[in-house]
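# Per-entry structural report
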Amino acid sequence: AAVTEWTAPGAISGATGGFTILAANAIAEGSAAGTALFTATATVGGTASYVLVNDAGGKGTIDASSGVVSLATGQTLDFATDATLIFEVEATDSVDSGTGTATITLPISNVAPAYAEAQFTACVEDNSGAAGDTNSDFVYGTDGTLKVATSKTLDKGTMATYTLVLHAADPEPLAGSATVTLSVESTCSGAEAFGAMLASVLLSAIVSYLI
């Protein structure tokens, strides 16, 4: 075969072999479709063309001329589901149609949950009450919503301002946090009205108080 070796994403001395991409070059979970995962480059006598003979369960697509493997449309990366993905790239030499195959193991990196902002300001109307946890004034649900707890009624005269720290944790686990400064007012309107603030990741979380 006119494929003699592979030089990317790492050295493979021969037409066929394998390479594991270093953890430092892992692709982050949650990356957008179309993100370049790696480039496969074969040494050939003429011009190489590339195909994926194993696309890791539909995760990858390849540019036939450049060898760039990208995350396919409609696909996502999840560290908890697949910490590594295995692709097989076949190169064909234009001179004699000789082929070679590179088996590439791609690591996926774990990413902590994150909120859209580190600080939120919200407003809740005096005398508000809602369904939720009976053990505190507020409950933070797994759907990312913050509510007044059941059997609780907020009183501006007793507590006019709350500072809440929201935590979101994933199953691995990693965690992210955001601080909410919540004021109790006679009336609330606009973007700061209670209920407008949502976590950008909807994962199990707890509420802690800094009062």
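Once a new chain begins, its residue numbering starts again from 1 and follows that chain's sequence as written. pLDDT decides what is reported in this predicted model: residues at 70 or higher carry local features, side-chain atom pairs at 80 or more are listed and counted, and totals for whole chains, interfaces and linings draw on all residues regardless. Side-chain numbers come from the whole structure's heavy atoms, not from hydrogens or water.

Our next topic: the overall build of the protein chain. By the criteria applied, helices consist of DSSP H or I runs no shorter than four residues and strands consist of E runs no shorter than two, each listed in order from the N terminus. Assigned secondary structure in the protein chain consists of zero helices and 16 strands. Here the analysis covers contacts within the protein chain between residues at least 6 apart in sequence; of these, 66% occur between residues at least 24 apart. Using the Shrake-Rupley algorithm and a 1.4 Å probe, accessible areas are obtained, with residue cover drawn only from the displayed protein chains. For the protein chain, the exposed surface amounts to about 10400 Å²; the carbon and sulfur share of it is 52%. Residues count as neighbours in contact if any of their non-hydrogen atoms are within 4.5 Å of one another.

Note on placement: Lys59 falls in the loop between strand E6 (48-54) and strand E7 (60-62). Buried within the structure, Lys59 lacks any salt-bridge partner; its nearest side chain of opposite charge belongs to Asp82, at an N-O separation of 5.2 Å. A simple rule labels every residue: compare its accessible area, found with a 1.4 Å probe on the protein chains alone, to the largest value its type can have, and call it buried under 20%, exposed over 50%, or partly exposed in between. His is not counted, nor are the chain ends; Lys and Arg add positive charge and Asp and Glu add negative charge. Any Lys or Arg side-chain nitrogen found within 4 Å of a carboxyl oxygen on Asp or Glu counts as a salt bridge.

Here we come to the sheet that holds strand E4 (residues 36-39). Whenever strands of a sheet pair, they do so through backbone hydrogen bonds, lying parallel or antiparallel. By definition, two strands form a pair when at least two bridges between them are found by DSSP. If you walk across this open sheet you meet the three strands as E4-E8-E7, and the pairing is antiparallel. The open sheet is flanked by E4 and E7, the only strands paired with a single partner. Going from strand to strand, the sheet's axes swing by 25 degrees on average, the running direction of each strand aside. Judged from the three bridges that link them, E4 and strand E8 (residues 68-71) form a sheet pairing that is antiparallel. Bridged to Phe38 within E8 is Val69. Only the stretch in contact is used when fitting a helix axis, every axis being a line fitted to C-alpha atoms; angles between N-to-C directions are given from 0 to 180 degrees.

The analysis is restricted to geometry; functional conclusions fall outside its scope.
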